[in-house]
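Residues per chain, in single letters:
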Amino acid sequence: MEPYIRSTDITLTFTPKNRDPVTALKDFRIELNSGEFVSIVGPSGCGKSTFLNVLLGLLKPDMGEMEIGGKKITGPGVERAMVFQEFGLLPWRTVMANVELGPELKGESVASRRPRAQELINLVGLTGFEGHFPHELSGGMKQRVGLARALATDPEVLLMDEPFAALDAQTRDLMQAELLQIWDKHKKTVLFVTHSIEEAAYLSDRVIVMTARPGKTKRIIKINLPRPRGYEMRLSPEFNDIKLDIWNTLKDELNPRE
Amino acid sequence: MRFGVLSERSVRFLLGAGAVTGFFLVWEFLLTFVFTFNPFFITKPSLMWDATGDLILSGELWKDLYISGTPFVFGFAAAVVVGIPLGVVMGWRRRVAFALDPFLTALYASPLVALAPLLIVMFGVGIKGKTILIFLLAVFPFIFNAFAGVRSVDTLLINVVRSLGGKERDLYFKVILPSTLPYIVAGARIAIGRGIVGIIVGEFYAASEGIGHALIWFGDMYQLGHMFVCILVLMIVAVIFTVGLRKAELAIAPWRTQETR
Ligand SMILES: Nc1ncnc2c1ncn2[C@@H]1O[C@H](COP(=O)(O)OP(=O)(O)OP(=O)(O)O)[C@@H](O)[C@H]1O
Ligand SMILES: [Mg+2]
């Protein structure tokens, strides 16, 4: 089967004014099948967010190109949505208005977008906070608004940049289970960046381990655990073996000075 | 915070009002009992009180305020309508900024009031000349502040809206304008002050009515009580505008005013 998303070798160098250029990605390539759940783990600053932005269509690589469903990516598209690492909520909009942003930009009427947005707000556990402004929310709540906003456009591909990093452990577990359900029910393709080996192993079909900057693929680890995965599975020896495998692959890339 | 039985609001009001009253009392006291009073040199609150009655009863004050207020409103409105879009577009489109920058910087830096005689010659002492002068003085804070506001827009938010299918228009109305609003309000504060300068300077030359003209005329006549009342009225007008602006900001930008409190 042809992969749904694929790229040639991607290279991207940032050239900030008055500073040395930084090559964030070098010959990074990726293939994703439709409906697959893939995680990326890698040291901080190795280019994970950069890559997601390329896939989202916000950054143009210096070399290489990506295609999705056989079409070249030249800019943002409705079939992709991102949960941003730094939330990116509009401070002048309430929770409801932030969640409705995508449908609103597509020209959907209030009547059609409001019930769906409410559903998603309930789903991420923010019922009762519809009228709050972002500065009135905790970090974890903001992150959940970001998740609801991405889901509101009902994208085929969900790009998630450390979407649960700001959540407490319990909420995180809940949101992970919730995400797996959404993914399973709506057959979405998910590309998920995380620093948590446990999270990557628990959620994914495959885990891509990246090298230190300039980032490229070090190894792809297939997670052959049966689904649906329950909480107990995390305590199984197989699960621990996988975690250890990911850790051993990743650890040489980590640089404590960064 | 609470002070005894009173809320912070009423304490703030009482202290403010008390200080102003005290200021006028001390002024009156000093000129009545301490220094010799020379009415050609300075005035005192009791004389200003008489002058206020005089100006109000004769209807002159309202007439002058109306005469001066009309060009102020027109000039200020034009400054908003021209200044904000111009500043926003300059901030977002670098090339527009590069092209316009020399003109704007030169005009902003130079003393525009020096143009007043020229404008009066060109457009007359009536409403037209004054409107244009007030517009010229008030437009620059809007342009430059809107410009600065746009330069400071968070690119992440731009990316968010673009990634969700936002077009150029959406960027303007859903990101750039709202995040520039606080800068525009700050610009409006400055513009109010400059606009009032415009009123006075505009009526300095050859005008025969208006609050600025009255101010100068009473000065020439050594009617310092009346003159001070005119000054006071201009101050009050400026304060009303500034407070109104704060209230308007509260109404249209609740996220911000809550943040800073
Ligand atoms: N706009 C930019 N201008 C200049 N350099 C940038 C820019 N964005 C990212 N970089 C650099 O590119 C590199 C990769 O950044 P990126 O944000 O992709 O890392 P990351 O893998 O997401 O890290 P983290 O796990 O900490 O989020 C970093 O060294 C960063 O300094
Ligand atoms: Mg990142």
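Along each chain, the written sequence defines residue order, and numbers are assigned to residues from 1. Here chains are named by letter from A upward and ligands by number from 1 upward, in the order in which they appear as written. Local features in this predicted model are restricted to residues whose pLDDT is 70 or higher, and side-chain atom pairs enter the listing and the counts only when it is 80 or higher, whereas totals over whole chains, interfaces and linings include all residues. Here the side-chain values reflect all heavy atoms present in the structure, with hydrogen atoms and water set aside.

Asks: Describe the interface of chain B and chain A, listing the residues and the values that go with them.
Replies: The contact criterion used throughout is that any non-hydrogen atoms of two residues lie within 4.5 Å. On the side of chain A, 23 residues touch chain B, which itself brings 18 residues to the contact. Put simply, buried area is the surface a 1.4 Å probe can reach on two separate parts but cannot reach once they are joined, added for both. Summed over both sides, the interface between chain B and chain A buries roughly 1,900 Å², with carbon and sulfur atoms accounting for 72% of that surface. Its largest share of buried area at the contact with chain A, chain B owes to B:Leu164, B:Lys174 and B:Trp255, together 34% of the area lost on that side. Salt bridges, as used here, are contacts in which a Lys or Arg side-chain nitrogen is within 4 Å of a carboxyl oxygen on Asp or Glu. Linking chain B to chain A there are one salt bridge. Where A:Glu104 meets B:Lys174, a salt bridge forms, and the shortest distance between an N and an O atom there is 2.7 Å. Residues adjacent in sequence count toward polar contacts only when both atoms are side-chain atoms; beyond that, a polar contact is any pair of N or O atoms within 3.5 Å, and within protein one must be able to donate a hydrogen and the other to accept it. Remark: the boundary between chain B and chain A carries two residue pairs in polar contact (both at pLDDT 80 or more). Runs of H or I in DSSP of at least four residues are treated as helices and runs of E of at least two as strands, each being numbered from the N terminus. Elements represented by at least two residues in the side of chain B that touches chain A include exactly helix H7 (155-163), helix H8 (168-204) and helix H11 (254-259) of chain B. Across the side of chain B that touches chain A, the residue classes tally to nine nonpolar, five polar and four charged. Classification convention: Asp, Glu, Lys, Arg as charged; Ala, Val, Leu, Ile, Met, Phe, Trp, Tyr, Cys, Pro as nonpolar; all other residues, Gly among them, as polar.

Asks: Can you explain the side chain of B:His226? Please cite residues and give values.
Replies: Residue and element names in this part refer to chain B. Inspection of the secondary structure assignment puts His 226 in helix H10 (residues 224-252). Each residue is placed in one exposure class: buried if its accessible area under a 1.4 Å probe, protein chains only, is under 20% of its type's maximum, exposed if it is over 50%, and partly exposed if it falls in between. In this structure His 226 comes out as buried when scored by relative accessible area, which is 14%. Here the side chain of His 226 touches Asp 54 through a polar contact of 2.8 Å, side chain to side chain. Once you skip the residues sitting within four places of it in the chain, His 226 turns out to touch Ala 51, Asp 54, Leu 55 and Phe 218.

Asks: Lay out the site of ligand 1 in plain terms, naming residues and giving numbers.
Replies: Residues and elements named next belong to chain A. Any residue with at least one heavy atom within 4 Å of a molecule or strand is counted as near it. Near ligand 1 lie 15 residues; those nearest to it are Ser 44, Ser 49, Thr 50, His 195 and Arg 213. Note that an oxygen atom of ligand 1 is positioned 3.2 Å from one of the backbone N or O atoms of Cys 46. Here Arg 213 contributes a side-chain N or O atom positioned 2.6 Å from an oxygen atom of ligand 1. Taken together, the elements giving at least two residues each to the shell around ligand 1 come down to strand S3 (22-28) and helix H1 (48-56). Of all the elements, H1 adds the most residues to the shell around ligand 1, at three residues. Across the shell around ligand 1, the residue classes break down as five nonpolar, seven polar and three charged.

Asks: Tell me about the sheet that holds strand S7 (residues 71-72) of chain A, and name the residues and values.
Replies: Residues and elements named next belong to chain A. Any two strands with at least two DSSP-identified bridges between them are counted as paired. Strand order in this open sheet of four strands is S4-S1-S6-S7, and the pairing throughout is antiparallel. This sheet does not close on itself; its edge strands, each paired only once, are strand S4 (31-32) and S7. Inspection of the sheet shows strand S6 (residues 66-68) paired to S7 by two bridges, in the antiparallel sense. For Ile 68, the partnering residue across the bridge sits in S7 and is Lys 71.

Asks: Got a sec to walk through the pattern of salt bridges? Specific residues and values, please.
Replies: Note on pairing: side chains with opposite charge can pair once their charged atoms come close. In total, this model carries 22 salt bridges over all chains according to the counting rule given. Put simply, A:Arg172 and A:Glu199 hold a salt bridge, and the shortest N to O gap is 3.1 Å. Residue A:Arg172 is located in helix H6 (residues 169-186), and its partner A:Glu199 is located in helix H7 (residues 197-203); the two are separated by 27 residues in the primary sequence. In this pair, the class of A:Arg172 matches that of A:Glu199, namely buried. A salt bridge links A:Arg234 to A:Asp173, with the shortest nitrogen-to-oxygen separation between them at 3.6 Å. Pair noted here: A:Arg234 is in the loop between strand S12 (217-222) and helix H8 (237-251) and A:Asp173 is in helix H6, with a separation of 61 residues, a long-range link. Take A:Asp173: its relative accessible area is 25%, and that puts it in the partly exposed class. Three or more residues are tied together by salt bridges with common partners; here these are A:Arg93, A:Glu100, A:Glu104, A:Arg113, A:Arg114 and B:Lys174.

Asks: Account for the side chain of A:Gln143, with residues named and values stated.
Replies: Counting through the fold element by element, A:Gln143 comes out in helix H5 (residues 139-152). Of note is the side chain of A:Gln143, whose polar atom sits 3.4 Å from the backbone nitrogen of A:Ala165.

Asks: How would you explain the coordination of the magnesium ion (ligand 2) if you had to name every residue and give the values?
Replies: Residue and element names in this part refer to chain A. Any N, O or S atom lying within 2.8 Å of the metal counts as a donor, with the limit raised to 3.2 Å for Na, K and Ca; because water is left out of the atom set, some sites can appear incomplete. For the magnesium ion (ligand 2), the protein coordination sphere consists of Ser 49 (OG) and Gln 85 (OE1), at 1.9 to 2.3 Å. With Ser 49 in helix H1 and Gln 85 in the loop between strand S8 (80-83) and helix H2 (95-99), the pair connects residues that are 36 residues apart, well separated along the chain. Residue Ser 49 is classed as partly exposed on the basis of its relative accessible area, which comes to 23%.

Asks: Please provide a residue-by-residue account of the packing of helix H2 (residues 45-57) of chain B against H10(B), values included.
Replies: All names here are of chain B. An axis is simply a line fitted to the C-alpha atoms; with a helix, the fit covers only the stretch in contact. Between two such axes, the angle follows the N-to-C directions and lies from 0 to 180 degrees. Close contact between H2 and H10 brings their axes to 8 Å; oriented N to C, the two are set at 75 degrees. With respect to H10, the axis of H2 lies roughly perpendicular. The residues of H10 that touch H2, namely those facing Met 48, Ala 51, Thr 52, Asp 54 and Leu 55, are Gly 225, His 226, Phe 228, Val 229 and Leu 232. Considering only residue class, the contact of H2 with H10 consists of six nonpolar, three polar and one charged. Note that the term roughly parallel is reserved for angles under 35 degrees, roughly antiparallel for angles over 145, roughly perpendicular for angles of 65 to 115, and oblique for everything else.

Asks: Please set out the nonpolar core residue by residue, giving values where relevant.
Replies: For our purposes a nonpolar core is just a set of buried Ala, Val, Leu, Ile, Met, Phe, Trp, Tyr and Cys residues, chained together by side-chain atoms within 4.5 Å. Grouped together as the largest cluster of nonpolar side chains are 92 residues, with contacts concentrated most on A:Phe51, A:Met66 and A:Leu191. If one sorts the elements of this core by residue count, H8(B) sits on top with 13 residues. Note that the domain bounds reflect an automated or database-derived domain assignment. When we break this core down by domain, the ones giving at least three residues each are domain 1 (1-61 + 156-161 + 174-258) and domain 2 (80-154) of chain A. Those residues in contact with A:Phe51, other than ones at most four positions away along the chain, are A:Leu25, A:Phe28, A:Ile30, A:Ile40, A:Met66 and A:Leu191. Grouped together as the second largest cluster of nonpolar side chains are 48 residues, A:Phe37, A:Leu126, A:Ala148 and A:Phe239 included.

Asks: I'd like a rundown of a positive patch on the surface, residues and numbers included.
Replies: Residues and elements named next belong to chain B. A cluster of basic side chains, namely Arg 9, Arg 12, Arg 189, Arg 246 and Lys 247, defines a positive patch on the protein surface. Secondary-structure elements contributing two or more residues to the positive patch are helix H1 (8-34) and H10. Looking at the secondary structure, you find Arg 9 in helix H1. Candidate patch residues must exceed 30% relative accessible area and have no salt bridge, after which like charges are joined if within 9 Å and Val, Leu, Ile, Met, Phe, Trp or Tyr side chains if within 5 Å. Accessible surface area values rest on a Shrake-Rupley calculation with a 1.4 Å probe, where residue burial reflects the displayed protein chains alone. The charged-residue count follows a simple rule in which Lys and Arg add positive charge and Asp and Glu add negative charge, with His and chain termini not counted at all. Working definition for charges: the position is that of NZ of Lys, CZ of Arg, CG of Asp or CD of Glu.

Asks: Pulling in residues and values, what's your account of the sheet that holds strand S10 (residues 189-193) of chain A?
Replies: Residues and elements named next belong to chain A. Judged by pairing direction, the sheet is mixed, and its six strands sit side by side in the order S8-S9-S10-S5-S11-S12 without closing on themselves. With one partner strand each, in any of the chains shown, S8 and S12 form the two edges of the open sheet. On average, each strand axis in the sheet is tilted by 15 degrees relative to the strand beside it, whichever way the strands run. When strand S11 (residues 206-210) meets S12, the two strands line up antiparallel, connected through five bridges. The residue bridging Met 210 from the neighbouring strand is Thr 217, located in S12.

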